[in-house]
Amino acid sequence: MPCYPALALLLGSAMAAGGDWIRRGTRVLSVVAGVGGLACLTIFFLVRNVPAPGDISSALGHHPGAYSLSLGHMMDLTLDSFAYLRLPLAVAAIALLAGAITTARWVDLRSFLAAALMMVVFYHAARLAMVVFDPFLSSRPLAEVLAKSPEGKLIIDRNLWSLSSIAFYLDRDALILNGRYHNLEYGSYAPGAPDVFIDDARFKRLWLDSQRCYLVTYQPKLQPFKDMVGPEHLEIVAAGGGKLVLTNHPLGHAGGAGGMPRLSAVSKNPLAKPWIYR
């Protein structure tokens with residue numbers, strides 16, 4: 001990222017100077033943009049009739065070992081996942097194909113302006129795609145549901161870094177279940193270190209206690225937790241992006257005991273969108 005301004009200045013200087021290399025580079029840009037546009041159109045054609053229920057997380061693969069890389073989540077893309085990205089694909093295809101045609105036909109200043117316009121529209125397509133990925137990459141909707149829920153102890157399952165935005169948005173301390181490993185282990189045994197790491201045995205005691213607890217985890221972990229504490233002690237508070245918020249006591253109904261709000265699903269599919277209180 002820090003090199004982008006410097007590269008922009010070098011590119012602007014080259015454009016101002018002109019010459020054969022700039023014209024050849026513009027032709028190369030036309031070819032690359034044309035190939036990219038045709039690829040977007042091909043994928044759009046292949047997924048035009050593929051159903052897209054819920055959110056994109058249900059169609060993605062999972063490669064946790066690659067997530068430390070800046071573009072690691074690209075490995076999660078599958079052909080079915082592009083069914084959720086039809087609008088960004090269409091916008092990207094229009095931008096790339098229009099840019100390929102105009103940069104091939106025009107020269108000098110007009111070709112530079114056409115390339116700049118192509119980039120602006122393509123970045124808009126990328127923004128639309130990020131909106132689609134939001135339930136998968138962000139936990140803010142789940143945190144908003146928790147903020148409106150009755151008070152309770154917050155527990156994050158195992159990978160704090162993948163669910164850390166929950167604690168960030170809530171500005172609340174959390175316990176970490178089976179998460180004492182890698183860089184979180186450093187200093188966790190030091191004198192005076194906060195006692196936030198718990199194991200299965202302590203989790204089970206807390207969960208079966210009379211105090212309300214909330215657990216943030218991933219959907220595939222639901223069955224193991226049912227086996228651990230029993231399905232009668234698990235209630236789904238919110239779901240989205242393959243993530244779940246569970247609680248150990250029923251939330252009740254509006255006007256009932258404790259004045260707890262009533263839970264209303266915004267979708268028939270409990271994993272399609274985050275649930276909200278009304």
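No experiment lies behind these values; they were computed from the predicted model shown.

K.L.:
Account for the overall build of the chain, naming residues and giving values.
P.N.:
Helices and strands together make up the secondary structure of the chain, namely eight helices and eight strands. Relative to its 278 residues, the chain shows a buried fraction of 36%. A separation threshold of at least 6 residues defines the contact pool for the chain, and within that pool the share at least 24 residues apart is 61%. As displayed, the chain offers around 16,400 Å² of accessible surface, 65% of which is attributable to carbon and sulfur atoms.

K.L.:
An account of the packing of aromatic side chains is needed here, citing residue identities and associated values.
P.N.:
Scanning the entire structure with this criterion turns up three aromatic pairs. Judged by centre distance (5.3 Å) and plane angle (70°), the rings of Phe168 and Tyr169 are edge-to-face. Grouped by ring-pair contacts, the aromatic residues Phe203, Trp207 and Phe225 constitute a single cluster. Looking at Arg24, its charged tip hangs above the ring of Trp21, at a distance of 5.3 Å from the centre.

K.L.:
Any chance you could break down the environment of Val91 for me, citing the residues and the numbers?
P.N.:
Looking at the element boundaries, Val91 is found in helix H3 (residues 86–105). For Val91, a relative accessible area of 17% gives the class buried. If we ignore the near neighbours within four places in the chain, the residues touching Val91 are Val121, Ala125 and Leu128.

K.L.:
So what's going on with the pairing of strand S6 (residues 243–247)? Which residues, and what values?
P.N.:
Most of S6 sits inside the fold, with five of its five residues counted as buried. Pairing of strand S5 (residues 235–240) with S6 involves five bridges; the strand directions are antiparallel. Residue pairing in the sheet places Gly240 in a bridge with Lys243 of S6.

K.L.:
Any details on the sheet that holds S6? Residues and values, ideally.
P.N.:
Sheet architecture is open: six strands sit in the order S3-S2-S1-S4-S6-S5, paired in mixed fashion. Either end of the sheet is taken by a strand with one partner, and the two such strands are strand S3 (197–198) and S5. When strand S1 (residues 153–157) meets strand S4 (residues 213–218), the two strands line up parallel, connected through four bridges. Within S4, the residue paired with Ile155 across the bridge is Leu215.

K.L.:
Give a detailed account of helix H8 (residues 222–229), specifying residues and quantitative values.
P.N.:
Spacing of three or four residues puts side chains on the same side of an α-helix, whose turn is 3.6 residues. Restricting attention to buried positions, one finds in H8 the residues Leu222, Phe225 and Val229. The arc enclosing the buried residues of H8, seen along the axis, measures out at 65°, which places them on a common side. Of the surrounding secondary structure, the elements contacted by the buried residues of H8 are S1, strand S2 (175–177), helix H7 (200–207), S4 and S6. In the segment just after H8, Gly230 is the residue with positive phi, at about 95°.

K.L.:
I'd like a rundown of the pattern of salt bridges, residues and numbers included.
P.N.:
For the coordinates displayed, the defined rule picks out four salt bridges. Arg23 is paired through a salt bridge with Asp20; the nearest N and O atoms lie 2.4 Å apart. Residue Arg23 and its partner Asp20 are located together in helix H2 (residues 20–46), separated by three residues, close to a single helical turn. The class for Asp20 is partly exposed, based on a relative accessible area of 45%. Across the salt bridge formed by Arg140 and Glu144, the nearest N and O atoms sit 3.4 Å from each other. One end of the pair is Arg140 and the other is Glu144, both in helix H5 (residues 140–147) and four residues apart, which spans about a single turn. For Arg140, a relative accessible area of 45% corresponds to the partly exposed category. A relative accessible area of 42% means that Glu144 is categorised as partly exposed.

What counts and what doesn't
Residues numbered from 1 in each chain as written. Predicted model: local features only at pLDDT ≥ 70, side-chain atom pairs only at ≥ 80, totals over all residues. Heavy atoms only, no water. Helix = DSSP H or I, 4+ residues; strand = E, 2+ residues; numbered from the N terminus. Buried < 20%, exposed > 50% of the residue type's maximum accessible area, 1.4 Å probe, protein only. Contact = heavy atoms within 4.5 Å. Areas by Shrake-Rupley, 256 points an atom, 1.4 Å probe, with all protein chains shown as cover. Phe/Tyr/Trp six-rings, centres within 6.5 Å; stacked < 30°, edge-to-face > 60°. Lys NZ or Arg CZ within 6 Å of the ring centre and 35° of its normal. Pairing = 2+ DSSP bridges. Arc of directions from axis to C-beta. Salt bridge = Lys/Arg side-chain N within 4 Å of Asp/Glu carboxyl O.

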